[in-house]
Amino acid sequence: MEPRRIVLAVVLMAAVLILTPILFPSPVPAPGSKTAVTDSASTTPVVADTATATAAAAAGIAAPGMSALPDSVGAAPRSVALPVDTAVVTTTPAVFRTTNRGAALIGVEMQQYVALSNKGRTKGGPVELAKAGDRLLSFRLVSPGDTVALNAQTFTSTRSEENGRAVVRYDATVGARAITIAYSFLPDSYRVNVSATVQGAPENSFLLIDMPPGFRSSESDTTEDQSHLAYAYKLDQQNAKGVTFASLDPGERRIEAGPINWTVAKNKYFLMGVLAPQGVPGFAEVNFTGGDRVAKAATRSQATIVASLKSGAVAFEVYAGPQEFKRLVAIGRSFETSNPYGGWLQGVVQPFATMVIRLLLWMKSTLGLSYGWILVVFGVAVRLILWPLNQKAMRSSMQMQRIQPHLAEIQTKYKGDPTKLQAEMMRVYKEHGMSPFSSLSGCLPMLIPLPVFFALFFVFQNTIEFRGVSFLWFPDISLKDPFFVLPVLVAITAMGLSYIGMRGMKANEQQKMMMYLMPAMMMVIFFNMASGLNLYYFVQNLASLPQQWLISQERTKAQPPVVRG
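Below or above, wherever it landed, is the structure these notes cover. (Residues numbered from 1 in each chain as written. Predicted model: local features only at pLDDT ≥ 70, side-chain atom pairs only at ≥ 80, totals over all residues. Heavy atoms only, no water.)

Right, let's talk about the overall build of the chain for a bit. Secondary structure assignment for the chain yields 14 helices and 18 strands. Counted over contacts in the chain with a minimum sequence separation of 6, partners at least 24 positions apart contribute 68%. For the chain, the accessible area works out to roughly 28,100 Å², and carbon and sulfur atoms hold 61% of it. (Helix = DSSP H or I, 4+ residues; strand = E, 2+ residues; numbered from the N terminus. Contact = heavy atoms within 4.5 Å. Areas by Shrake-Rupley, 256 points an atom, 1.4 Å probe, with all protein chains shown as cover.)

And the structure:
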């Protein structure tokens with residue numbers, strides 16, 4: 001009988017699994033709900049129980065994957081079933097979409113930027129930030145002992161115009177409290193002013209602002225675009241800090257106490273930021289939670305801003321658009337640092353990268369050339385400016401090479417007398433107008449171009465001004481060379497510089513090996529770098545060849561000095 005019971009149990013389990021969805025089907029969405037975004041557990045952020053949000057913690061906010069709506073709210077009767085609708089507001093650069101289901105921002109379309117594919121060769125429709133089913137901005141209300149997810153509420157919507165700005169206002173009554181959320185769209189901007197009021201809100205009430213859990217990719221290299229998914233925030237009187245999606249394990253939580261001036265969610269070229277108004281204390285807190293991963297890449301995460309309700313009201317600004325440097329600078333509050341560069345070297349790298357991008361933008365506006373030619377001019381200009389320093393460094397190196405045999409002879413002769421050895425070596429240095437530090441001072445000018453190169457490396461990662469710019473045979477200077485021609489040219493010119501630099505020298509086997517090894521390593525490194533960065537480095541190498549040739553000619557003509565011991 002035992003096998004028969006097992007078979008019967010399996011049959012009953014299968015029947016339950018098959019018949020349950022048939023007998024108890026999922027609710028059919030209300031008419032017009034196609035434009036609304038359904039609530040999902042994956043988009044429910046977490047509020048930390050820290051000192052800055054005691055009331056929020058006391059309200060019992062759910063962990064990821066659990067509903068944040070209490071039973072008392074879920075059981076509230078609805079006298080009238082309002083239809084779900086979407087408000088579309090068009091400004092000069094963008095199209096915004098909001099819904100009365102939760103008074104949420106559900107989409108932003110960039111009119112001036114198009115989706116790219118096929119390695120930048122194919123251009124599609126306008127860039128859209130929101131992924132299907134995601135909300136860019138949604139809200140929850142926290143008061144002592146109660147939490148309301150506004151995504152579950154259907155608001156009445158009103159459209160108007162105030163001072164030349166389109167305004168969409170959402171009103172709802174939740175329990176005994178009237179809630180109003182209003183969006184005011186600046187006409188020639190990606191910026192929106194948002195305000196929320198809650199009548200009769202008790203002390204220690206908070207509005208939770210949920211950031212987007214991800215973005216739709218509009219880049220030809222989707223994998224690289226997703227690798228840039230991150231949040232960033234700026235504490236008052238501190239540098240901006242970044243939290244990449246990849247740095248958060250699934251379910252991991254990070255909490256940052258305020259005051260926080262702004263928080264952004266971003267991919268490679270676009271971002272959505274929430275900013276506290278200027279002159280007003282920042283947000284109380286922001287917390288981050290790692291999202292589930294269906295693959296190796298981290299494409300989902302969660303971020304929630306905790307905003308205190310002062311007398312039942314709060315206001316903030318939203319920027320949803322491209323990472324255009326000039327636009328971000330115009331917003332103020334150091335918003336241009338929403339891409340924190342350099343990690344623990346941010347204090348050095350960020351200002352230098354900012355200086356480089358400012359210079360490139362100035363050259364673009366002044367010369368009127370494409371960014372490809374701007375990089376060519378910039379590479380030549382850097383070498384011309386450093387020509388005198390490099391000339392001095394190369395001659396110093398040449399002099400050191402000429403006295404090396406005599407220094408070696410002195411070291412052998414006086415190896416048992418350190419005092420005499422030091423005195424003789426100082427005498428040789430003095431006779432040739434040099435010092436023991438001449439070799440180091442000679443290397444220093446050669447290191448000066450490196451900070452420029454590193455700054456450009458970071459600049460190319462997120463500078464939207466380079467996006468989709470074609471030059472010569474590559475369709476996009478922000479992407480790697482599709483034919484890998486430039487990395488090969490970089491390696492060839494680097495080898496040429498090494499070969500010319502060794503003319504007139506007695507090179508040892510190690511130097512000869514490095515002459516071939518270093519260019520090969522550079523070629524491999526540059527394979528996956530932006531073609532614009534390859535272009536800059538190739539032009540720098542070309543511009544260095546004449547100077548290297550002149551120095552080698554001097555070395556060849558120079559006669560070895562006669563040094564008397």
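In total, this model carries 12 salt bridges according to the counting rule given. A salt bridge links R140 to D210; the shortest N-O distance between them is 3.1 Å. Pair noted here: R140 is in strand β5 (residues 138-143) and D210 is in strand β11 (residues 206-210), with a separation of 70 residues, a long-range link. Note that E219 and R467 form a salt bridge whose closest N and O atoms lie 2.9 Å from each other. Of the two residues, E219 sits in the loop between β11 and α4 (222-227) while R467 sits in the loop between α11 (449-462) and α12 (485-501), which places them 248 residues apart along the sequence. Residue R467 is classed as buried on the basis of its relative accessible area of 11%. Look at the salt bridges and you will find they share partners, linking R191, E317 and R333 into a network. (Salt bridge = Lys/Arg side-chain N within 4 Å of Asp/Glu carboxyl O. Buried < 20%, exposed > 50% of the residue type's maximum accessible area, 1.4 Å probe, protein only.)

Strand order in the open sheet made by the 4 strands is β1-β2-β3-β4, with antiparallel pairing throughout. Strand pairing shows two members of the sheet lacking a second neighbour, β1 (86-90) and β4 (122-128), which therefore form its edges. Across the sheet, the axes of successive neighbouring strands diverge by a mean angle of 20 degrees, strand direction being ignored. Taken together, the 5 bridges between β1 and strand β2 (residues 94-99) define a ladder with antiparallel strand orientation. Residue pairing in the sheet places T90 in a bridge with V95 of β2. (Pairing = 2+ DSSP bridges. Axes fitted to C-alpha atoms, helices over the stretch in contact; angles between N-to-C directions.)

With that settled, consider the packing of aromatic side chains. Going through the model one piece at a time under the given rule, you end up with 23 aromatic pairs. Where F453 meets Y537, the ring centres are 5.4 Å apart and the plane angle is 70 degrees; that geometry is what we call edge-to-face. Placement of F453 in helix α11 and of Y537 in helix α14 (residues 531-557) is noted, with a sequence separation of 84 residues between them. Across this residue pair, the class does not change: F453 and Y537 are buried. We note K364 situated over the ring of Y371; from NZ or CZ to the ring centre the distance is 5.2 Å. (Phe/Tyr/Trp six-rings, centres within 6.5 Å; stacked < 30°, edge-to-face > 60°. Lys NZ or Arg CZ within 6 Å of the ring centre and 35° of its normal.)

Once that is clear, we can look at the nonpolar core. One recurring pattern in soluble globular proteins: nonpolar side chains tend to sit buried together. Counting residues in hydrophobic clusters, the biggest one holds 74 residues, and the most contacted among them are I209, M272, V274 and F316. Among residues more than four places away in sequence, those in contact with V274 are L137, I209, M211, N261, W262, T263, F283, I305, F316, E317 and V318. L360, M363, V376 and V469 belong to the second largest nonpolar core, which has 41 residues in total. (Core = buried A, V, L, I, M, F, W, Y, C linked by side-chain atoms within 4.5 Å.)

The next subject is unusual backbone geometry. The general pattern is negative phi for most residues beyond glycine and trans for most peptide bonds. Going from G258 to P259, the amide bond is cis rather than trans, its omega being 5 degrees. By the element assignment, P259 lies in strand β14 (residues 253-266). Phi angles above zero are rare outside glycine, and A103 is one such case at about 55 degrees. Relative to the elements of secondary structure, A103 occurs in the loop between β2 and β3 (104-117). Residue classification places A103 among the buried residues on the basis of a relative accessible area of 0%.

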